[in-house]
Amino acid sequence: MVARKSSSSSSAKSTAARTRGQSGRKRINLALQGGGAHGAFTWGVIDQLLADGRIDIEGISGTSAGSMNAVVYAWGNFSGGHAGARVALEGFWRAVAETSKAFSPLQATPWEKLSKTRGDENAFAFEAFKMVTNAFSPYQLNPFNFNPLLDILNEQIDFKALNTCQETKLFLSATNVRSGQVRVFNTSEVTAQSVMASAALPQLFQAVEIDGEPYWDGGYMGNPALFPLFYDTEARDVLIVHINPIEREGTPTSPAEIYNRVNEISFNSSLIKEFRAIAFVQKMMDEGWLKPEFRDRMKYVLIHSLRADKVLADLSIASKFSSDWDFLLELRERGRAAAAEWLKQHFDELGVRSTVDLRAEFLNSGSEQANKQPNPVPARSADKRKKRS
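Described below are features of the structure shown in this document.

### Concerning the overall build of the chain
Reasoning step 1: Counting secondary structure elements, the chain contains 16 helices and 8 strands.
Reasoning step 2: Across the chain, contacts joining residues at least 24 apart in sequence account for 78% of those joining residues at least 6 apart.
Reasoning step 3: Just so you have it, the chain exposes about 19100 Å², and 54% of that area is on carbon and sulfur atoms.

### Describing helix α13 (residues 325-346)
Reasoning step 1: Taking 1.5 Å per residue as the helical rise, α13 with its 22 residues ought to reach 32 Å, and the 31 Å between its terminal C-alpha atoms agrees with that figure.
Reasoning step 2: What α13 keeps buried is the set W325, F327, L328, L331, R332, R334, G335, A338, A339, W342, L343 and H346.

### Digging into empty space enclosed by the protein
Empty pockets left among the atoms are what a rolling probe the size of a water molecule brings to light.
Reasoning step 1: Counted by the stated rule, this structure contains 1 cavity of 30 Å³ or more.
Reasoning step 2: Its volume calculated, the largest cavity comes out at about 60 Å³.
Reasoning step 3: Taken together, H38, I243, N244, P245, R248, N260, E264, L312, L315, S316 and K320 make up the lining of the largest cavity.
Reasoning step 4: Split by residue class, the lining of the largest cavity holds 4 nonpolar, 4 polar and 3 charged.

### Quick look at the packing of aromatic side chains
Centre distance and the angle of the planes are the two values used to describe a pair of aromatic rings.
Reasoning step 1: Considering all chains together, one arrives at 8 aromatic pairs under this definition.
Reasoning step 2: With centroids separated by 5.2 Å and ring planes inclined at 45 degrees, the aromatic side chains of Y220 and F267 adopt a geometry described as tilted. Here F267 lies in helix α11 (residues 255-286) and Y220 lies in the loop between β6 (213-217) and α10 (227-231), a separation of 47 residues in the sequence.
Reasoning step 3: Residue F267 is classed as buried on the basis of its relative accessible area, which comes to 13%.
Reasoning step 4: Ring centres of F275 and F362 lie 4.9 Å apart, and the angle between their planes is 35 degrees; this geometry places the pair in the tilted category. On the criterion of sequence distance, the pair formed by F275 in helix α11 and F362 in helix α14 (residues 358-363) is long-range, its members being 87 residues apart.
Reasoning step 5: The exposure class of F275 is buried, given its relative accessible area of 1%.
Reasoning step 6: Taking the relative accessible area as the measure of exposure, F362 reaches 7% and is therefore buried.
Reasoning step 7: Clustering of aromatic rings is evident, with ring pairs tying together W43, F92, W93 and W325.
Reasoning step 8: The ring of F347 has K26 sitting right over it, with the charged end atom 4.7 Å from the ring centre.
Reasoning step 9: Its end group placed over the ring of F347, R54 keeps NZ or CZ at 3.9 Å from the ring centre.

### Some details on the pairing of strand β4 (residues 182-186)
Reasoning step 1: Alignment of strand β3 (residues 169-176) against β4, held across 5 bridges, turns out to be antiparallel. Counterpart to L172 in the pairing with β4 is F185.
Reasoning step 2: In this antiparallel pair of consecutive strands, β3 and β4, the connection spans 5 residues, and G180 shows a positive phi of 75 degrees.

### Looking at unusual backbone geometry
Reasoning step 1: Here N223 and P224 are connected by a cis peptide whose omega angle stands at -10 degrees.
Reasoning step 2: Within the secondary structure, P224 sits in the loop between β6 and α10.
Reasoning step 3: The phi dihedral of S64 falls on the positive side, at around 55 degrees, and the residue is not glycine.
Reasoning step 4: The topology assignment puts S64 in the loop between β2 (55-63) and α3 (65-103).
Reasoning step 5: Judged by relative accessible area, S64 falls into the buried class, the value being 10%.
Reasoning step 6: A positive phi angle is found at N145, which is not glycine, with a value near 55 degrees.

### A look at the pattern of salt bridges
Reasoning step 1: Throughout the structure, instances matching the rule amount to 21 salt bridges.
Reasoning step 2: With its nearest N and O atoms 2.8 Å apart, the salt bridge here joins R86 to D47. One end of the pair, R86, is in helix α3; the other, D47, is in helix α2 (residues 39-52), and 39 residues separate them in sequence.
Reasoning step 3: Judged by its relative accessible area of 4%, D47 is buried.
Reasoning step 4: Residue E333 pairs with R336 through a salt bridge whose shortest N-O separation is 2.7 Å. With a gap of 3 residues between them, E333 and R336 both fall in helix α13, about one helical turn apart.
Reasoning step 5: Salt bridges sharing common partners tie together D47, R86, R332, E333 and R336.

### A look at the side chain of R334
Reasoning step 1: Secondary-structure assignment places R334 in helix α13.
Reasoning step 2: There is a polar contact of 2.8 Å between the side chain of R334 and the side chain of D314.
Reasoning step 3: A distance of 2.6 Å separates polar atoms of two side chains, one belonging to R334 and the other to E330.
Reasoning step 4: Setting aside its immediate chain neighbours within four residues, R334 contacts F41, V311, L312, D314 and L315.

### A look at the nonpolar core
Reasoning step 1: Formed by 66 residues in total, the largest nonpolar core has its most connected members in L30, V71, Y73, L153 and L162.
Reasoning step 2: Top element by residues in this core is α3. It accounts for 15 residues.
Reasoning step 3: Counting 18 residues, the second largest nonpolar core, distinct from the first, contains L226, F230, I246 and F362.

The rules behind the values
- Residues numbered from 1 in each chain as written.
- Predicted model: local features only at pLDDT ≥ 70, side-chain atom pairs only at ≥ 80, totals over all residues.
- Heavy atoms only, no water.
- Helix = DSSP H or I, 4+ residues; strand = E, 2+ residues; numbered from the N terminus.
- Contact = heavy atoms within 4.5 Å.
- Areas by Shrake-Rupley, 256 points an atom, 1.4 Å probe, with all protein chains shown as cover.
- Expected span 1.5 Å × (residues − 1).
- Buried < 20%, exposed > 50% of the residue type's maximum accessible area, 1.4 Å probe, protein only.
- 1 Å grid on protein atoms, 1.4 Å probe; cavity = no way out; pocket = protein on both sides within 12 Å on 5 of 7 lines; lining within 4 Å.
- Points joined across faces, edges and corners; volume = space filled by probe spheres on them.
- Nonpolar A, V, L, I, M, F, W, Y, C, P; charged D, E, K, R; others polar.
- Phe/Tyr/Trp six-rings, centres within 6.5 Å; stacked < 30°, edge-to-face > 60°.
- Lys NZ or Arg CZ within 6 Å of the ring centre and 35° of its normal.
- Pairing = 2+ DSSP bridges.
- Salt bridge = Lys/Arg side-chain N within 4 Å of Asp/Glu carboxyl O.
- Polar contact = N/O pair within 3.5 Å; in protein donor to acceptor, adjacent residues only side chain to side chain.
- Core = buried A, V, L, I, M, F, W, Y, C linked by side-chain atoms within 4.5 Å.

These values are about where atoms sit, not about what they do.
Given below as structure tokens:
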């Protein structure tokens, strides 16, 4: 699950050299969260990574809007390289904006457009939308299962050709409604239907049936799933592009604020559990808890995180349903700026070290920190001390 950590600075430098290659480029994996229209932020991040020219992407794990960004990038890169990927992503999001003019039930009011507010307190259409979707299921509201996003994907991507793609390894997460388990669709399995399964919020869309199994949005069980990037790619570096803030200052008090924060916590929970698992395995490897024969089988993954805690903190859950073009462009620019700053600070650390202290943030916290005890002496060490005495 995680890889061997370099035991010296020289080995770390040699690893970085292999990652960088002769061209000075570095190969990484991306993990893309879902979050509706906020996925345009991720579009901006990818666009900046490609424009920078020093990054190659081996694998992408995505959920919901993250899955859409993943397949559009993969198709564009497959058919036209980095330039083709940038064009494809812009074309996809522009089509989303154009379609939303005709079909979105959540059009911003004139005063919301003038004030440029994105808070729930002003989103009257969103409040009405919640009332309707809480009272009626998508099977009642949309019995013919009409979904314009499905048409956009089929129009813009040749999925049969994409299934043969070797340039990008795709891993798209959906939640099996029957079993409650995550299902990961890889490159050879990806279809427009599997992308929609990854994005099928149960309040809005009918479950997507694939091979006789019903699927809902992947965010419930993997937002996004990280484990496929550990097992099925060679790159050690994983950059997680967050859409849902993990931390938010203050205590929510209004119904809209509470609803928003519950949504953020819920859709981060599976990711944080994976963080804790990674941190624990890294701890075992760093402190020599594993036998050499087992340690040699493991991959020490370097985790990086482009957080949305500040850059998207002013946006509410209602804005995730706002697909007007000006707003999507604003999100893209936020993503570009965030990625440019991240590269400036951390590019040289790719292939060398993690830029997220998972153990401090997610393992040594809460009850673990409060009940922290001195490290026990390993049994073997204790026996040796007794013999020496």
